Every structure is written in C-alpha cells, then in structure tokens.
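Overview (structure and organization)
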There are 2 protein chains.
Amino acid sequence: MSRFSLEAVLEKAGNPVELLRNSKVGMYVYPVVAPEFTNWRDEQRAWRESAVLFDQTHHMDELIVEGPQAEEFLAYHGINAFGNFDLNRAKHYVPVTPNGHVIGDHIIFRERQDKFVLVGRAPTSNWLMFCAAWGKWNVRIKHDPRSPSRPEGERVLRTHYRFQIQGPDAPKIFEKMNGGPIQEIKFFHVDWINIGSKKVQALRHGMSGAPGLEIWGPYEDKSYILAAILQAAQDAGVNLVRCGSRAYSTNTLESGWIPSPLPGIYTGDGMLKDYREWLGADSYEASGAIGGSFVSDNIEDYYVNPFELGYDFYIGWKKNDFIGKDALLKMKGQKNRKKVTFEWNAEDVVKVIASAFKPGEDHFKWIDFPQPNYASTSADMVMHGDKMVGMSMFNGYSYNERCMLSLGVVDQDVQIGDVLTMKWGEPQPTGKTSAEKHKQTEIRVRVSQTPYAAEARTNYADSWRTKATA
Amino acid sequence: MSRFSLEAVLEKAGNPVELLRNSKVGMYVYPVVAPEFTNWRDEQRAWRESAVLFDQTHHMDELIVEGPQAEEFLAYHGINAFGNFDLNRAKHYVPVTPNGHVIGDHIIFRERQDKFVLVGRAPTSNWLMFCAAWGKWNVRIKHDPRSPSRPEGERVLRTHYRFQIQGPDAPKIFEKMNGGPIQEIKFFHVDWINIGSKKVQALRHGMSGAPGLEIWGPYEDKSYILAAILQAAQDAGVNLVRCGSRAYSTNTLESGWIPSPLPGIYTGDGMLKDYREWLGADSYEASGAIGGSFVSDNIEDYYVNPFELGYDFYIGWKKNDFIGKDALLKMKGQKNRKKVTFEWNAEDVVKVIASAFKPGEDHFKWIDFPQPNYASTSADMVMHGDKMVGMSMFNGYSYNERCMLSLGVVDQDVQIGDVLTMKWGEPQPTGKTSAEKHKQTEIRVRVSQTPYAAEARTNYADSWRTKATA
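In what follows, the accompanying structure is described. (Residues numbered from 1 in each chain as written. Chains lettered and ligands numbered in written order. Predicted model: local features only at pLDDT ≥ 70, side-chain atom pairs only at ≥ 80, totals over all residues. Heavy atoms only, no water.)

This part takes up the interface of chain B and chain A. Interface size is often expressed as the accessible area that is lost when the parts come together. Taken together, the contact between chain B and chain A spans 48 residues of the former and 49 residues of the latter. Taken together, both faces of the contact between chain B and chain A bury some 4,000 Å²; the carbon and sulfur share is 53%. Together, E152, F357 and R402 of chain B form the three largest contributors to the area buried by chain B at its contact with chain A, with a combined 18%. Across the contact surface, chain B and chain A share 6 salt bridges. (Contact = heavy atoms within 4.5 Å. Buried area = accessible area lost by both parts, 1.4 Å probe. Salt bridge = Lys/Arg side-chain N within 4 Å of Asp/Glu carboxyl O.)

Moving on, we get to the sheet that holds strand 5 (residues 115-120) of chain B. Residue and element names in this part refer to chain B. Reading across the sheet, the 5 strands line up as 3-4-5-2-6 and stay open at both edges, with antiparallel pairing between neighbours. Since the sheet does not close on itself, it has two edges, and those belong to strand 3 (90-93) and strand 6 (140-144), each with one partner. Across the sheet, the mean angle from the axis of one strand to that of its neighbour is 20°, orientation sign disregarded. Note: strand 2 (residues 61-66) against strand 5, 6 bridges, orientation antiparallel. In the sheet register, I64 faces strand 5, and the bridge partner there is V117. (Pairing = 2+ DSSP bridges. Helix = DSSP H or I, 4+ residues; strand = E, 2+ residues; numbered from the N terminus. Axes fitted to C-alpha atoms, helices over the stretch in contact; angles between N-to-C directions.)

This part takes up the pairing of strand 5 of chain B. Residues and elements named next belong to chain B. Summarising burial for strand 5: 6 of the 6 residues are buried, a large majority. Residue alternation in strand 5 divides its side chains into two sets, K115, V117 and V119 and F116, L118 and G120, and both sets are buried. Two strands pair when backbone bridges link them, and strand 4 (residues 106-112) and strand 5 are joined in this way by 6 bridges, in the antiparallel orientation. Bridge pairing in strand 5 places F109 opposite V117. Hairpin connection, strand 4 to strand 5: the antiparallel pair is bridged by 2 residues. (Buried < 20%, exposed > 50% of the residue type's maximum accessible area, 1.4 Å probe, protein only.)

To continue, consider the sheet that holds strand 5 (residues 115-120) of chain A. Backbone hydrogen bonds hold the strands of a sheet together, and the pairing may be parallel or antiparallel. All names here are of chain A. Taken together, the 5 strands give an open sheet; going across it, the order is 3-4-5-2-6, and neighbouring strands pair in antiparallel fashion. Each edge of the open sheet is held by one strand with a lone partner, namely strand 3 (90-93) and strand 6 (140-144). Direction aside, neighbouring strands of the sheet carry axes that sit 20° apart on average.

This brings us to a negative patch on the surface. On the surface, a cluster of negative charge is made up of E18, D297, E300 and D301 of chain A. As for its position among the elements, E18 of chain A is in helix 2 (residues 16-21). (Patch = residues over 30% accessible without salt bridge, like charges linked within 9 Å, V, L, I, M, F, W, Y side chains within 5 Å. Areas by Shrake-Rupley, 256 points an atom, 1.4 Å probe, with all protein chains shown as cover. Lys, Arg positive; Asp, Glu negative; His and termini not counted. Charge placed at Lys NZ, Arg CZ, Asp CG, Glu CD.)

A few words on the pattern of salt bridges. Any two side chains of opposite charge can pair, on the condition that their charged atoms come close. Evaluation of the coordinates by the stated rule reveals 62 salt bridges over all chains. R162 of chain B is paired through a salt bridge with E62 of chain B; the nearest N and O atoms lie 2.9 Å apart. Of the two residues, R162 of chain B is situated in strand 7 (residues 160-166) and E62 of chain B in strand 2; the sequence distance between them amounts to 100 residues. Residue classification places R162 of chain B among the buried positions, given a relative accessible area of 4%. In this structure E62 of chain B comes out as buried when scored by relative accessible area, which is 6%. With a closest N to O distance of 2.9 Å, D114 of chain B and R112 of chain B form a salt bridge. On the basis of relative accessibility, which here comes to 29%, the residue D114 of chain B falls in the partly exposed class. One salt-bridge network, held together by shared partners, links E36, R41 and R246 of chain A together with K365, D368 and E436 of chain B.

Turning our eyes to something else, we now look at the packing of aromatic side chains. Under the counting rule described, the total for this entry stands at 64 aromatic pairs over all chains. For the ring pair W40 of chain A and Y397 of chain A, a centre distance of 5.8 Å and an interplane angle of 85° mean the geometry is edge-to-face. Residue W40 of chain A is found in helix 3 (residues 40-49), and its partner Y397 of chain A is found in strand 16 (residues 387-398); the two are separated by 357 residues along the sequence. One exposure class covers both W40 of chain A and Y397 of chain A, and it is buried. Between F82 of chain B and Y93 of chain B, the aromatic rings sit 6.3 Å apart at their centres with planes inclined by 75°, giving edge-to-face as the arrangement. Taken together, the residues span a long stretch of sequence, with F82 of chain B in the loop between helix 4 (70-77) and strand 3 and Y93 of chain B in strand 3 at a distance of 11 residues. Here the two residues F82 of chain B and Y93 of chain B agree in accessibility, since each one is buried. Each residue in the set Y28, Y30, W47, F54, Y248 and Y284 of chain A is aromatic and connected to the rest through ring pairs, giving one cluster. One residue, R110 of chain A, lies across the ring of F85 of chain A, its end atom 5.8 Å from the ring centre. Seen from the ring of Y399 of chain A, R402 of chain A lies directly overhead, with NZ or CZ sitting 4.1 Å from the centre. (Phe/Tyr/Trp six-rings, centres within 6.5 Å; stacked < 30°, edge-to-face > 60°. Lys NZ or Arg CZ within 6 Å of the ring centre and 35° of its normal.)

For these two chain copies, the linking operation is a rotation about an axis paired with a shift along it. In the superposition of chain B on chain A (RMSD 0.0 Å, axial shift 0.0 Å), the rotation amounts to 180°. A rotation of that kind, with that shift, is consistent with a two-fold axis. Across chain B, the rotation axis passes nearest the C-alpha of R155 of chain B, at a separation of 2.1 Å. Take the interface residues of chain B: 100% of them recur as interface residues in chain A, which is what a same-surface contact looks like. (Least-squares fit on C-alpha atoms with pLDDT ≥ 70 in both.)

Quick look at the structure:
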C-alpha cells in the first residue's frame, strides 16, 4: 500500500472523523470568481427579481467519459435510469457505494452517443476514475480538476467556460442573444442557441429557483461569450447582475440541493478498500474537513443515502445491475430520513452575532454572511429535547427570505412546522484553521419544506427539487 | 479640452458630489490576494497575539521617480521635510493642493540619491505624474498601477512583491530568516536582511500596532521569498498567519491611518484645472465613489487638510517653497478638526444587523464584516444633537477589540469620551452598485483616541500614530 494513499493516512490517523474534523485545508471556497461584483445582497436579489449571471467556470471538476462502453460504464456506476438518456438531455447523476451510501453527484451531459461530460465536486470524479481503472472498461476519461482555491495572481485555465443565466427576466436576454426567440427547451434538456457569432450548447436549468439556461463551450471563448451576454442584457434593458463567489453558493438554500454530503467511502472492504488505497493523501477525501456540532466516533453516521436526499425516484430499478443496487433495495423498505430546510430563528441568530461584541468573553461560533460554512462537509446536530433527530448539512443566509437557512435531513416522524434545536458551534476546539475559538450554543430551527423558496416550489419542472420530501 | 478628461466628465455631471455618489465602480477591493487563508477572525488576532503575514503586492500603485531633480521634485510637491531623508529612511509622504487640501499619501523609499520608490493609492501617483509633465523637471517616472480588482483567472504581474510581517512573535521569524540576529532597524528606517539566498530590503514598520518589517524585491522572487518566510516561521515555532483580503484593510482601524481621504482636486483654478483636464475619465478621481450619510452640495466639504489628519508635524516649514505652503500657513492658525477613532455602540450595531432578518421590511444599511466600507471614500455624518460635529471616514470591525470602529475627524471642542451619533446609511438611493436599498438609522459612537489599540498607543516610535490628536 502506498504511504501516500487515503488508506495510509487513515491508518495513521486512527479514526476518520478525527482526521477530517482536524483538517487544515481551510474553507471550501468558490475560487477565481471575484467575491462581489455589486454586493452580495443585490446579487442574491437578482435571481429572484431580475436576472443573475453565475460564472460556474471554476468551482467544479469536469470529467469527460468517452468510448464504446461509456454509457454502460456510467449506467453501472450511477443509480440513475439511463433508458431515456438521449443526446439532448442532461441528468443529475448520483453514484453510491456498494453499501448504498451517496458518494456525490454530478450533472451529466451526453454530447455524443459515446461521449459524456460530467460536472461536479471531486468525490464523484475521483470515484469514476478509480472505477474505470479498477474494472475492465473500454472508456477513456479526461479529468479537469476545479481551479486552485487561491491562485494569487497566477493564470488559471480550464477546458470549458460555463455560465448560467437565471431569473424572471432571463428569457428577454436569451431572445436578444439568440437574435430571435429561442426554441422551447424542456427542463434538463439541452439544445443549441446562438450567442453572437457562435453556436453554444444550452441546458435548461433553474438553480436558484427561477428558470434559466446554463451554457458552456471552449474556455478560450469565455471573454467573447461574456461580452455578448452583457451586451444582450443591456440591449434587452434587463438588469443582469453578475454574481460573485460570496453569494454564489447560497443560491442552493432557496432551491434545495445539498452540495456537500460526505462521500461514504471511508469504511467498507473490497472495492472500497481498494479505492482508499488508490485515492491520494492530498485528495478531497483525505484532506477535506468536517465542520459542525455533530461529533460521532463512527464516520458512517455522517453518510447519507439517496432516499434521504430525495433522489430515490432517479433509481433505475429496471437496470440489470448497478453498484449499490442490492443495498438500495434493502434501504427501500427502511424508515429513511428525509430532506428538509431548516429556518433559523432570527432572535437566536442575532444572539450569536451579538456575542462577538463582548470584549474579554468567549463568543459563539461566528456566522459569516452570507455563507457560514467552514468546512467541505457540514454536520450540525438538530435536537428534539435530548434526542438527535436530524443533521443540518449546508448553511446560508438568504437575503430574499431575510433569514438564515440550512438544508439537511430529519427522522421520518419530524413534521413540517416542528420547532427543533440546532447545536451551533463545536464542543471542543479542533485543528481546523477555518474556525476561530468559540463556545457552543443553540439556535432554534423551524422545519420547512425543501425547496424553501416559494418560486422554486411552484415553478419547477418534474425534478427532485419539486418532489416534496416531507 | 479632451472629452475623456475628468474635467469633461465633471462638466457633464454638473456637481462632482452627484458624480461620485452615483459611481458604479463598485467596492474598493484589495485585489488578487485570497479573501481568507484561515478565517478573518484569527487573521486579525494573529497581528495582536502571534504574527501575521500581509501580502501587499497588489493593492497599491507604485511610482518610481528618478533623475537629477528627483529629490527637488518630490520635496516641492510634498509637505514633508526632506532634510533628514537619507538612503536608509522611508517617509510617509503627503502632497497637498495649492489650496492646502490633502491629495493622498504614499510611503516613499529612497533607493539611491537620485531614485525614489513610492507606494500608495492612485491619487498621489496621478498627481505626481501630472506635476512632472506640467512643470519643467528633469525626472523620469515609471508607474506600476495597482493590480486589477477582478482578474478572473488572468495572470497578474507587478514590478515588486511586497510582504509585511507583524506581531509580537515576528522578531523570532526575522532571526530565523536572516540566519542570525538582525541588526536593529529604527522605525521607518530601511536596511538589508537575508532571506534564504537573497538579500532583501526591509523597512521597519508597524501597521497593525505591533512591530514588524516590510520587505520587497523583484516580483519574480515572490514565490521563493514566500516559501522562505513560511519555512522560517515553522522553524521558529511561530504561528505565522497569512492575512487575506477581507481582514487586511481592517488593520488600520487599530493603528489609526485613514487610507481614503477624498483628493481635494475637484475644485480650484490654474494648476488644479489643468490637472482635471489631464486626468482621464477612467481615473480613480473620475470613477471613484463617495459612500456614506454625509451629502453636501459642495465637494470641498469632503476635503481634509494635513492638520486634521495629524500630519502637521511632517511639514517642512523650513523648505523654501512647496506646493500648498501658503495655504498651510493660513490653516495653521485656524481651528482645525482633529483625528479620532469612533467606537460604535454594540447594541446599535446589533440593531442594524437584526433589521436584515425581517422579511418584507426595509432594513438598515447592511454592515458587512469585517469591512463595511462600500465606496472608495466614506463620509458618514457624526452629530451632536442636530449639529454635524464630525465625519467618519473609514470603517471596520476589530475582532481584537470585539467592536466596530471607524476613523474620522471631529471639531476641536469634541472631547475623548464624548458620545455622539453617527448617521448610518444614505438618505436616498444612489447609483452605487456596492450598496443595497436600505433606510437610514443612527448609531451611537464614543469618541476615542487614535490609535485605538492600546499596543499601538504605547509601542510605537515617534510618528503620527503616537501623536495623540485629541
């Protein structure tokens, strides 16, 4: 076994929870894009009230999978049904471990019969690269990892640029950009549109709760496309607001996607052990951080399954076989937790902030605005009395809702409208450099639907975002 | 007159205050450097409790002035005495207009008898470039403007790297870096030290209230020097914390320097009018923003003079002549305002924050942490009852002091300890993209000494930082 593998790191660390809770990797940042173009309040407001431009070029891994077995390979390693996967469709692709735990998720585009582009966090890219090497597959994979977190003035190059335009006024921009009305593109379908002199692929999406398009193309076209978009918005008389990295990650609070489940790969034998020996000591999985009040000796307590995240209706039960199928069949009959939005009590949030104005006293964990996450994976305890009944997994302030929200999972018997208590802050200092010394406190949270945003709840096409999980 | 000059822009705008209060230039950012390396609370704490590493490579203009008349030129265009300006010294260089209003300030280093390096915000660089062209001076000027605010993945190059290491544990790092004790360098004196295999110039400084050194050299050495510093800190067992761009600008709140006075160049005839015709329509002066509650029809109400900023003891009265000398002589006899620190009432700050948790209601101007400035120049009204008795000019939260502070000027009869009222937020919406829609409120402020930090008050060498201005 390589001394530089995740498995070697885990052996040395003893407990994976210890390792990850003391990671010194720092914040999980949205790199390269400026923190703010206008200000993060107006940038959030734009996706609800006019239109927003997300620059998604830098914060995700990209994986190109091609070859005669590309479809077979991906279908075998994801839970999704592939039967209806035509060239003009995208999917929300979810791989699980043989034990049925979520590894991560990517958006997957089919560019050709034998070529797919996948976009998302590292755990899914890493897993697929391993799987291609571990099994006997006739596929070729090209990996373009996310941009460096702190380029500090060095040039950053990627394979593709990737923009998303969202909001009620977005269609006016598309029409102007396209030089005429654009064809109707169904939700999560792909088509070609014109931008200036270029033909560009566009995915119908709705990340922040309003309709929109995601477009991409060769990175060297980025400046041209950006200029064309801004010009089209101006010509259309639309207030298109560029979204900076501070507001960006909060869009998911309103729409209900949890970007950061802990990949369930730290335990398990066979293929999973082989994976940990394949993964490097500097991988996301080995260097990432767990933050939050939930401390368990057992790393598996941080795992989630597709049922809990509301992804069960993706599952391609008719597929002959796929990794995790047996485990998922068992889970299907169980009482799984369900995904909800936690609405944080404003008085309690203000109490936390106010504690940072008392010189000489320990204060509560600072809530940074609009994005208080301080680790790659967040896990805060949600309590009903003395009993843990849920886990809060992704935090953020919504200027549109004027409140702090988080996404997470709760036990089946928790009901919408229940008021629970979240433990905020860690019980003891850890090695994490992203958290200052603090003391723990409690914040009341009201259990709410996901997606939280009324627009997101009512305007979406058939997708996990609209499947009420509670 | 060029259509693309500041003067042309002003003619079109009518009133300079209107122009600048509605600027769409966005935040005045500290570019290129990552927002956070650990977290901004611990980054602030480091300069008080261990050691901090500031990367000052990107946020300031640099001007190299050389030639037979370099000294004469600079002495004539700054208020400072030059008599004691030896090769091993630096100065805090302050030019004023012929009317005695501060234009800006730079740190000035003398590299050779006939060569000076100046570092600071654009107004001083612009003014000196104009002066060299306007008069008959045998000098050559090289201008390296600050890095772009939003490089978005493009490479950024500068002439010099510039680091500063500050804090109580900084000397241990210097000794390790230098391979032995470093010679005593007096405050604002320069000497050569060793870093790894290189000889590097070092300025004894103390920006955040603790002793330290600023070092600089060719930009291509940056990575080498950074690595050597980090290694030296590790070898010395010192917790050297890299400071990100979010914490960086707040260090001045504790030490008392006001970085952003409005250059007093928007009015006045002769040389000043020529300057405005020389300045471009995209210059700092034409595109910069004024933010804050103070709205006057008269741009001159935003100007400050060197007496108000505590720079009067720099003035080289013995110099035969220098720009502004006559005006300053007149001001000397006047009742000038004085520089103070405003300590913001914690309850009132929390009230402002709490207002952003009430859906459907207008809220007070968001106070962004740790740096709530939303313009290149801030001007908030400080009131005693109905009377304006001061102007708050630079804001920030100090984690070390656990309070919001601002720097500004007050009338002579205001006393340390007085509790005044600051108007927070703008009376009407403006075109500024950096401020969201908000309503105005009041925040009580206690007038305090500058520098505010006890360390800064007691540990400094003879400088404006220790001259109690009140």
